[in-house]
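Listed here are the chains, written in short residue letters.
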Amino acid sequence: MKRQSKKTKAIELMKKLDIYKPYIDGFKEQDKVCFFEMFGGYWVYQEPEIEKKMKEIEKEYNCVVYAITHEFTEFGELYDFLIVTDYPEEHDALLYDQGNRNYIAFAYVWNKDDEDCSELGSIGIKSFGGGIRRVA
């Protein structure tokens with residue numbers, strides 16, 4: 001599947017999450033990805049280590065990262081890379097609306113403190129004020 005097709009799906013998901021329009025436009029027009037901390041958004045290029053990890057994930061899994069959340073947990077510092085996979089048959093399962101601005105999203109979770117605990121899977125996220133954050 002071509003990158004542009006995955007990017008188109010990513011834009012659809014970002015709109016569904018009601019992400020701040022300038023972040024969607026930055027992704028659409030310049031391939032800029034935003035990462036969020038407690039709903040606040042920042043461009044990933046401002047954090048070279050995160051941007052490098054994002055590119056590694058995109059290359060390894062042939063996917064497109066469209067947003068990243070960041071949080072500290074009792075088991076490590078986590079970055080959740082929300083992705084569009086290379087498989088169109090999976091695309092309807094990448095983001096489930098749970099109501100009340102809560103979603104289940106498919107992501108690669110990078111545990112920066114314990115790399116062995118990093119994996120692909122589903123996470124809970126909440127959308128608010130144009131940003132997103134991970135929820136328990």
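The present account deals with the structure reproduced in this document. Since the model is a prediction, treat every value here as computed from it, not as a measurement.

**Focus: the pattern of salt bridges**
And step 1. Considering all chains together, one arrives at 14 salt bridges under this definition.
And step 2. Here R101 ties to D18 by a salt bridge, and the two come within 3.5 Å at their closest N and O atoms. With R101 in the loop between β5 (95-99) and β6 (102-111) and D18 in the loop between α1 (3-16) and α2 (21-30), this pair connects stretches of sequence that are 83 residues apart.
And step 3. By relative accessible area, R101 is classed as partly exposed at 39%.
And step 4. Classification of D18 by relative accessible area gives partly exposed; the value is 40%.
And step 5. Residue R134 pairs with E71 through a salt bridge whose shortest N-O separation is 3.8 Å. One end of the pair, R134, is in strand β8 (residues 131-135); the other, E71, is in strand β3 (residues 64-73), and 63 residues separate them in sequence.

**A short note on the state of the cysteines**
And step 1. Evaluated as defined, the whole model comprises zero disulfides.
And step 2. Unpaired in terms of disulfides, C34 finds its nearest cysteine sulfur in C63, a separation of 17 Å.
And step 3. Residue C34 is classed as buried on the basis of its relative accessible area of 3%.
And step 4. Judged by its relative accessible area of 4%, C63 is buried.

Rules and cut-offs
The residue numbers shown here count from 1 along each chain, following its written sequence. At least 70 in pLDDT is required for a residue's local features to be given in this predicted model, at least 80 for side-chain atom pairs to be given and counted, and no such filter applies to totals for whole chains, interfaces and linings, which use all residues. In computing side-chain values, all of the structure's heavy atoms are included and hydrogens and water are not. Salt bridges are defined as contacts in which a side-chain nitrogen from Lys or Arg sits within 4 Å of a carboxyl oxygen from Asp or Glu. We count a stretch as a helix when DSSP gives it H or I for four or more residues in a row; a strand needs E for two or more, and each element gets its number in order from the N terminus. Per-residue accessibility, obtained with a 1.4 Å probe over protein chains only, is compared with the maximum for each type, and a residue is labelled buried under 20%, exposed over 50%, and partly exposed between these values. The criterion for a disulfide is a pair of cysteine sulfur atoms lying within 2.5 Å.

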